[in-house]
Every structure is written in structure tokens, then in C-alpha cells.
Amino acid sequence: GDEAVPDIDDQTDAFRDAVDGDADPNALHIFSFGATDVHDLVPNETQWATRATAEARLADCADEYVEEILQLIDIGAQHILVTGVPDIGIQPIFNGTPEEAARRAIATEYSNLLDQMVRDRIDALNLPDGVEIHYVSWDAMQGQVIGTMAGLYGAGSIYPLEDSDLVFFDQVHPTAQVHAL
């Protein structure tokens, strides 16, 4: 719709307010982010950002993500799961766009770039005792999930991914079945 989607800072602020600044240390806190940031750099109609521009913007994004994770640790979160940045290049939003193949390749490249930046920053953290951050690669999840979907529905119903109603329910979002797997 036309409603505004809050960014990660707004979402973590809302969470902090909801728990009165006291995160449950036994809960699993899941962070999943990055798709919108890559979409901003590789729009489906206009020219995509240069590599230099993308590197600068994505570095800022990666810094912000880690800052938000650290803020939740500061209020008591101890068990954190970070999902890797999804491959934007496979999304249906690019179907039929100008320079579709190049646009998909750049979107995949920038997704991977942001993913590596986030992973590097998380790996460099010196976490307090008792705090654990688990990183799950989006590529690994995608391979397993899509493989399972192909086994259940047949490869012809899944591939190409950008044309599959079983994989995407709209131009950018995976279906409930993909999320469940």
C-alpha cells in the first residue's frame, strides 16, 4: 500500500518502548534487513547507483544495523539471530525492466556486498559474556528452501524464480510457504 514502512531504527525504537527498555534475555531476537536499501540503489526503472556510491551507502547501512543490534544488547537481548541480506536480483520486480539482466546482476552484487559488510561487522564485535549472535546466510537458506519447494511442487513450478507464484506473492515478497520453510 501507500503506508510508510518504518526503518530499522524506528522498529528497534518501537520494540524498546514496547518492552519498557528491558528486553527478555531468554528470548530470541531476530534481525532481518537490507532489501529496501538495495532496492533504493537499484530501482526497477531508473539508473542504478554506481559501485562507489553503493559501497558508501551500504557501509552506512551496515554500520546502522550493527548499531541497532548493539542497542538491543544494551537493554538485555542475549540471543540474536541475524538473517543475511536477500538476493534482490531474483525478485519479480525486475521482470521486463530496461536492461533487466544487468539490473538483476547489479542487484545481486549489491545484495552480496551489503551481506558481507554486515557479516564482517558482526564478526568484529567484542560481545559481552552471555550474548550470542548467530548469522544465517540468506544464500544458504534460499538454497535449502528453494530446493525443498522444488521437491514439493516440481522444478517447473519454482523456476525461474522471478516467475513463480509459489516463491513470490507480489513483486518483492516471498510467499508464506517460503517463510515457513
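A short tour of the structure in this document, coming up.

Reading guide: rules and limits
- Residues numbered from 1 in each chain as written.
- Predicted model: local features only at pLDDT ≥ 70, side-chain atom pairs only at ≥ 80, totals over all residues.
- Heavy atoms only, no water.
- Core = buried A, V, L, I, M, F, W, Y, C linked by side-chain atoms within 4.5 Å.
- Buried < 20%, exposed > 50% of the residue type's maximum accessible area, 1.4 Å probe, protein only.
- Helix = DSSP H or I, 4+ residues; strand = E, 2+ residues; numbered from the N terminus.
- Pairing = 2+ DSSP bridges.
- Right-handed = clockwise from strand over helix to strand, strands pointing away.
- Expected span 1.5 Å × (residues − 1).
- Arc of directions from axis to C-beta.
- Contact = heavy atoms within 4.5 Å.
- Polar contact = N/O pair within 3.5 Å; in protein donor to acceptor, adjacent residues only side chain to side chain.

Moving on, we come to the nonpolar core. Counting residues in each nonpolar core, the largest one holds 36 residues, and the members touching the most others are I69, Y110 and L114. Where this core is concerned, the elements lending two or more residues are α2 (35-41), α3 (51-74), β2 (79-83) and α4 (100-123). Broken down by element, this core gets its largest block of residues, 10 residues, from α3. By size, the runner-up hydrophobic cluster in this structure holds 10 residues, among which are M149, A150, I158 and L161.

A separate point is the pairing of strand β3 (residues 132-136). Bridge count between β2 and β3: 5 bridges; the pairing is parallel. The residue of β3 that forms the bridge with I80 is I133. Crossover β2 to β3 through α4 is right-handed.

For the rest of this paragraph, the subject is helix α5 (residues 138-153). Compared with the 22 Å implied by 1.5 Å per residue over 16 residues, the 22 Å span of α5 between its first and last C-alpha is a close match. Among the residues of α5, those classed as buried are Q142, V145, I146, M149 and A150. Looking straight down α5, one finds its buried side chains confined to an arc of 140°; they lie on one side. For α5, the exposed residues set more than 90 degrees away from the buried face come down to A140, Q144, G151 and L152. Where α5 is buried, its residues touch α6 (155-158) and α7 (176-180). Sitting at the amino-terminal end of α5 is S137, which places a side-chain oxygen 3.2 Å from the backbone nitrogen of D139. Trailing α5 by a residue or two, G154 shows a phi angle of about 95°, which is positive.

Glancing now at unusual backbone geometry. A cis amide bond links Y159 with the next residue in sequence, P160, at an omega value of -5°. Positioned with a positive phi, D20 is a non-glycine residue whose angle comes to about 50°. Position of D20 relative to the elements: it lies in the loop between α1 (8-18) and β1 (28-32). Notably, E99 is not glycine yet its phi reads approximately 55°, a positive angle. Looking at the element boundaries, E99 is found in the loop between β2 and α4.

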